[in-house]
Amino acid sequence: MIEVSQLTKRYRDLVAIEDLSFIVEKGEILGFLGPNGAGKSTTMRILTGFQPATSGTAKVAGFDVFEHPLEVKRRVGYLPEIPPLYPDMTIAAYLRFVAEIKGVPRGQRAGEVERVASLAQVSHVMDRLIANVSKGYKQRVGIAQALIGSPDVLILDEPTVGLDPSQILEVRDLIRSLAGKHTVILSTHILQEVVATCERVLIIAGGRRVAHEKLSELQERHPGKSLDEIFLDLTSATRTAAPARPAAAA
């Protein structure tokens, strides 16, 4: 469902990601991990068509992100770390607006808004202004908008930020329920989140892939270590390596 090959993004002398390759199978929930500045957000912005790459290829549902960006956007639901909300709109009005711009047929919009509101558990606050709900509810509305149109691929960046413990468990249950119906990339700093929701994990550091395998296989290769310890070992090795050479001048 997602194919990334030798993807590289440079900002002048800074290499954000370099020669990154991975595949996400249909219906899979992939945990996407890395320390701050590792290149996770850059990768997700490229996959969603918000940002071009310097080189390499990326395909979603068979469509090249760079050659067919509109086809890709039709098949991707995206929740960035800061949800793209309009605080002066009610939750209901905002979700209807998103349904309209995503091309949901007029006669199906009310039912689609009701469906995603129920999944994200915001049905009881639909008439409230987004500005007047808690950060946790704003996060839920962000998840709801990503689900509109039932896209093939969901890219979720820190979906449980700002939620209380019970809400975190509810969102984890929701993400697990999406397996098989959607392909999900779950980016998070919370390792327990990955353990609770994902079968496979992709870890990057310094813009490069350092692991991409089943969690069980990763732990088998590092016997006696917790996931936290494995993560620190893999990413610290990259952080202490020599920095990437500056990109050559055009």
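Anything mentioned here points back to the structure above.
What counts, and where the lines are drawn
Residues numbered from 1 in each chain as written. Predicted model: local features only at pLDDT ≥ 70, side-chain atom pairs only at ≥ 80, totals over all residues. Heavy atoms only, no water. Helix = DSSP H or I, 4+ residues; strand = E, 2+ residues; numbered from the N terminus. Contact = heavy atoms within 4.5 Å. Pairing = 2+ DSSP bridges. Buried < 20%, exposed > 50% of the residue type's maximum accessible area, 1.4 Å probe, protein only. Right-handed = clockwise from strand over helix to strand, strands pointing away.

Novice: Looking at this structure, how should I read the environment of Glu-3?
Specialist: Tracing the backbone shows Glu-3 in strand β1 (residues 2-11). Taking the C-alpha atoms as reference points, Glu-3 and Lys-59, 56 residues apart in sequence, are found 5.1 Å from one another. Glu-3 has contacts with Phe-22, Ile-23, Thr-57, Ala-58 and Lys-59, leaving out every residue within four places of it along the chain.

Novice: Even after reading the chapter, I still don't get the sheet that holds strand β5 (residues 63-64), so can you show me in this structure?
Specialist: Where strands meet in a sheet, backbone hydrogen bonds hold them as pairs that are either parallel or antiparallel. Spatial strand order, β2-β1-β4-β5: four strands in an open sheet with antiparallel pairing. Edge positions in the sheet fall to β2 (14-24) and β5, since each of these pairs with one other strand and no more. Relative to β2, β1 runs antiparallel, the two sharing seven bridges. Bridging from a neighbouring strand, Tyr-11 pairs with Leu-14 of β2.

Novice: Just to check I follow, could you spell out the pairing of strand β7 (residues 153-157) for this structure?
Specialist: Two faces make up the sheet, and in a regular strand the side chains alternate between them. Along β7, five of the five residues are buried, which leaves the element largely enclosed by surrounding structure. Pairing of strand β6 (residues 76-79) with β7 involves four bridges; the strand directions are parallel. Within β7, the residue paired with Val-76 across the bridge is Val-153. Looking at chain direction, β7 and strand β8 (residues 183-187) are connected through five bridges and run parallel. When the bridges of β8 are listed, Val-153 appears paired with Thr-183. A crossover connection joins β7 to the parallel β8 through helix α6 (residues 165-177); in handedness this β-α-β unit is right-handed.

Novice: Help me understand the environment of Phe-50, please; the structure alone is not making it clear to me.
Specialist: With respect to the helices and strands, the residue Phe-50 is situated in the loop between α1 (40-47) and β4 (55-60). Judged by its relative accessible area of 58%, Phe-50 is exposed. For the pair Phe-50 and Ile-91, spaced 41 residues apart in the sequence, the C-alpha separation amounts to 24 Å. When neighbours within four sequence positions are excluded, Phe-50 is seen to be in contact with Arg-45 and Tyr-78.

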